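Residue-level structure breakdown
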Amino acid sequence: MISVIVPVYNAFPYLAQCITSILNQSYSDIELILVDDCSKDGSLSICRKFALQDARVKVYSNPQNMGQVQTYMKGISHADGEFISFVDSDDWIAPDMLRKLHTALVDHEADIAACGCWHVYKDCKIVEPSNIQRIGNRIFSHQDILESAKQVHVPNNSIDTIVKLYRCNKIFRRNILLHNLKYVQTDIRVFEDNNIVIPCILDAQKIVYINEPLYYYRRTGESTMSLFNDSIFNANLRFLKHLEFIYKDKHVFHDMKSDVYVVGSYSMSGVMKSDMPMRQKMRTGYPGGDIGSTAAVRRERLFRITF
């Protein structure tokens, strides 16, 4: 059985499509775990309606708003399946996604199976990633994974460009997820998938990739950018330090330079696109800012983690 976990928060316009796409899968041996994170728009009522119609649907509610990470962690704690998959509540999946991933994983005795993603934009334009057709189906051994893990965010890296660091384009064997829950950071708002996906990838003895876009990822344009502040900046710093710990704890050689570049670039972009007053932006994100300011010191710490 595959346990499909959907963290739900204010997804009323999209939730029915998401749930229907899961329940209508050609692979029917599933349980659908919906965890509502105190939605304010009626999402919970949609969850309960589907639960009344299909016994495979289980609905849970958080006592207070806990964020996406703790919400999907709660879903994992209630999962009974031998395999676990995730779908975000504003996305949907192709009718054969679970069957194709499950078949590939079982046939190749892999720990993780992954597929490509469609990107769905506000104007309803659906874009297929340009690299899907040229990649082909792939099987990665543990040694292949360790080689790719040396430096992840570089051109043509297998982890970054093929397997990807998403939760939602994969199914995992249950034991590999449970073993790595200890690495999950519950207090971050950006890069949430990395601290569960990366340790699972590093433990996998085999990963199989299907060169079909089977997951529909809705790009709404909404993000935390406008709300970016010192708290998120500091969370990104903690994420990098924790990421470094994961690789060291698993005794995997990894050069952090590309990770620092990606997180640093995102953080600087977040500062400049945020609603902060311009004077604060200059202190926080601009290289010529006041190096004595607390935020500027944090910026310097961000880029000095491994240098």
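To keep things clear, this report deals only with the structure shown in the data block. (Residues numbered from 1 in each chain as written. Predicted model: local features only at pLDDT ≥ 70, side-chain atom pairs only at ≥ 80, totals over all residues. Heavy atoms only, no water.)

Where strand β2 (residues 30-36) lies against strand β3 (residues 57-61), 5 bridges are found, and the strand directions are parallel. Residue pairing for β3: Val35 is matched across the bridge by Tyr60. Handedness of the crossover joining β2 and β3 through helix α2 (residues 43-53) is recorded here as right-handed. (Pairing = 2+ DSSP bridges. Helix = DSSP H or I, 4+ residues; strand = E, 2+ residues; numbered from the N terminus. Right-handed = clockwise from strand over helix to strand, strands pointing away.)

Another point: the side chain of Ser89. Mapped onto the elements, Ser89 comes out in the loop between β4 (83-86) and β5 (92-93). For Ser89, a relative accessible area of 7% corresponds to the buried category. From its side chain, Ser89 meets the backbone oxygen of Pro7 in a polar contact 3.4 Å long. Contact partners of Ser89, with chain neighbours within four places excluded, come to Val6, Pro7, Val8, Tyr9, Ala11, Tyr14, Leu15 and Cys18. (Buried < 20%, exposed > 50% of the residue type's maximum accessible area, 1.4 Å probe, protein only. Polar contact = N/O pair within 3.5 Å; in protein donor to acceptor, adjacent residues only side chain to side chain. Contact = heavy atoms within 4.5 Å.)

All told, the structure shown has 7 aromatic pairs when counted by the stated rule. Measuring from centroid to centroid gives 6.3 Å for Tyr183 and Phe245, while their planes differ by 50°, and the two rings are tilted. Of this pair, Tyr183 sits in the loop between α8 (174-180) and α9 (194-203) while Phe245 sits in helix α10 (residues 230-249), placing them 62 residues apart in sequence. Among the residues examined, Phe245 registers a relative accessible area of 41% and is labelled partly exposed. (Phe/Tyr/Trp six-rings, centres within 6.5 Å; stacked < 30°, edge-to-face > 60°.)

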